Amino acid sequence: MTQIWGHRGASATQPENTIDAFAEALRLGADGVELDVRRTADGAMAVHHNADLSDGRLIYELDRAALP
């Protein structure tokens, strides 16, 4: 059986790696979603594709409260 997976959610119509993108993928019939998870300095989990933010800061060096 073929499965359909939403890459970072329905990233063609919603901001990728967001709740809205995941919900839209499921609404469109996806069997699941693929996402990237990073650990922050204080042990929290952050859904973000890259290990760094657009300003160059590394997620694993930041506390959750410092994330945008």
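Residues numbered from 1 in each chain as written. Predicted model: local features only at pLDDT ≥ 70, side-chain atom pairs only at ≥ 80, totals over all residues. Heavy atoms only, no water.

**Student:** Just checking my understanding: could you explain the overall build of the protein chain for this structure?
**Tutor:** The helix and strand tally for the protein chain stands at one helix and four strands. Ordered by position in the sequence, the α and β elements of the protein chain form the string β-α-β-β-β. With the principal axes as the frame, the protein chain shows a C-alpha extent of 40 × 20 × 15 Å. For the protein chain, the proportion of its 68 residues judged to be buried stands at 26%. A separation threshold of at least 6 residues defines the contact pool for the protein chain, and within that pool the share at least 24 residues apart is 26%. Accessible surface, the protein chain as shown: approximately 4,700 Å² in total, 52% of it carbon and sulfur. Averaging the positions of the 6 positive and the 11 negative side-chain charges in the protein chain gives two centres separated by 2 Å. (Helix = DSSP H or I, 4+ residues; strand = E, 2+ residues; numbered from the N terminus. Buried < 20%, exposed > 50% of the residue type's maximum accessible area, 1.4 Å probe, protein only. Contact = heavy atoms within 4.5 Å. Areas by Shrake-Rupley, 256 points an atom, 1.4 Å probe, with all protein chains shown as cover. Lys, Arg positive; Asp, Glu negative; His and termini not counted. Charge placed at Lys NZ, Arg CZ, Asp CG, Glu CD.)

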